[in-house]
Amino acid sequence: MTKDKTESPKKGGKMKKLLLLTVGAAVLIGAGAGAGIYMGGGLAAEASKPEDHYPKLVLRSESGETASAGEGDKEEAPPKVGTVSVPNDRFKVDPRKYEITYIPIDQAFTTNLADGSGFLQIGISLSTFYDGKLVANVKRQMVPIRSAVLMVLAEQDPAMLSTSQGKQMLQRRLSGAINGVLREKEGFGGIDNVYFTSLVIQ
């Protein structure tokens, strides 16, 4: 009988300690969750969607101000794959409907020509119908863009570049190379065209 009486207080003490530890852990977890909700802006705040990070087309307005294209614009809507929106920067944009932005590239590009007969030096400016996110993407990825442009220029035949068709073909190849870099690094291209601001073949 005395053994039972001496063992029961020990069991009760262990239970109290366990209960205190459990309650303490629950209070700490609750405090952490509350702080997270407060810092995160509340439970009702919507999580950002992946497509929110992609550049948006900029609509032309009659007042001269520009506005980003809304969800009602069918031409802007990317194709759906399952439940995830896939960015689509490869369709042709109507220039009468969207505002164009030019992105000058400060430094000229100089490279030897493919046949070794001379060198090519060009200055370029890029055009896009997308918003400032695309301009920021271009500036952020300028090093790989410059590398891609120089590789395309080094493959050029000077005889082709002396013709208008050859220059137009070079514009298309440069647009493709720059969009390729942007798609690889940022997940979205968006460059409509490349314009020459200077072109010297020697």
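Residues numbered from 1 in each chain as written. Predicted model: local features only at pLDDT ≥ 70, side-chain atom pairs only at ≥ 80, totals over all residues. Heavy atoms only, no water.

Colleague: Quick rundown of helix H2 (residues 132-140)? Include the residues and the values.
Modeller: For an α-helix the count is 3.6 residues per turn, leaving residues at separations of three or four pointing the same way. Here H2 has its buried residues at Leu134, Val135, Asn137 and Val138. Down the axis of H2, the smallest arc covering the buried residues is 155°, so these residues share one side. In H2, the exposed positions angled more than 90 degrees off the buried face are occupied by Lys139 and Arg140. Packed against the buried residues of H2 are strand S5 (101-104), strand S7 (119-128), helix H3 (142-154), helix H5 (164-186) and strand S8 (191-201). (Buried < 20%, exposed > 50% of the residue type's maximum accessible area, 1.4 Å probe, protein only. Helix = DSSP H or I, 4+ residues; strand = E, 2+ residues; numbered from the N terminus. Arc of directions from axis to C-beta. Contact = heavy atoms within 4.5 Å.)

Colleague: Provide a residue-level description of the packing of aromatic side chains, including the pertinent values.
Modeller: Evaluation of the coordinates by the stated rule reveals three aromatic pairs. Aromatic side chains Tyr54 and Phe188 sit 5.9 Å apart centroid to centroid with 35° between the ring planes, which places their arrangement in the tilted category. Remark: Phe188 occurs in the loop between H5 and S8 and Tyr54 occurs in the loop between helix H1 (2-40) and strand S1 (58-60); sequence separation between them is 134 residues. Residue classification places Phe188 among the buried residues on the basis of a relative accessible area of 4%. Taking 4.9 Å as the distance between ring centres and 80° as the angle between the ring planes, the aromatic pair formed by Tyr130 and Phe188 counts as edge-to-face. Of this pair, Tyr130 sits in the loop between S7 and H2 while Phe188 sits in the loop between H5 and S8, placing them 58 residues apart in sequence. Neither Tyr130 nor Phe188 differs from the other in exposure class; each is buried. The structure contains a cluster of three or more aromatic residues connected by ring pairs, namely Tyr54, Tyr130 and Phe188. Taking the ring centre of Phe109 as reference, the NZ or CZ of Arg146 above it sits at 4.1 Å. (Phe/Tyr/Trp six-rings, centres within 6.5 Å; stacked < 30°, edge-to-face > 60°. Lys NZ or Arg CZ within 6 Å of the ring centre and 35° of its normal.)

Colleague: Break down the nonpolar core for me, with residues and values.
Modeller: By size, the foremost hydrophobic cluster in this structure holds 31 residues, and its most contacted members are Ile124, Leu126, Val149, Leu153, Leu174, Ile178 and Ile191. The set of elements that each furnish at least two residues to this core consists of S7, H2, H3, H5 and S8. The dominant element in this core, judged by the number of residues it contributes, is H5, at six residues. With sequence-adjacent residues up to four places away left out, Val149 is seen in contact with Phe109, Ile124, Leu174 and Ile178. (Core = buried A, V, L, I, M, F, W, Y, C linked by side-chain atoms within 4.5 Å.)

Colleague: For the pattern of salt bridges, give the residues involved together with the corresponding values.
Modeller: For the structure on display, the rule yields four salt bridges. Its salt-bridge partner being Arg173, residue Glu155 comes within 2.6 Å of it at the nearest N-O pair. In this pair, Glu155 is assigned in the loop between H3 and helix H4 (158-161) and Arg173 in helix H5, connecting sequence segments 18 residues apart. Classification of Arg173 as partly exposed rests on a relative accessible area of 36%. Glu184 is the salt-bridge partner of Lys185, the closest N and O atoms lying 4.0 Å from each other. A relative accessible area of 45% places Lys185 in the partly exposed class. Judged by its relative accessible area of 62%, Glu184 is exposed. (Salt bridge = Lys/Arg side-chain N within 4 Å of Asp/Glu carboxyl O.)

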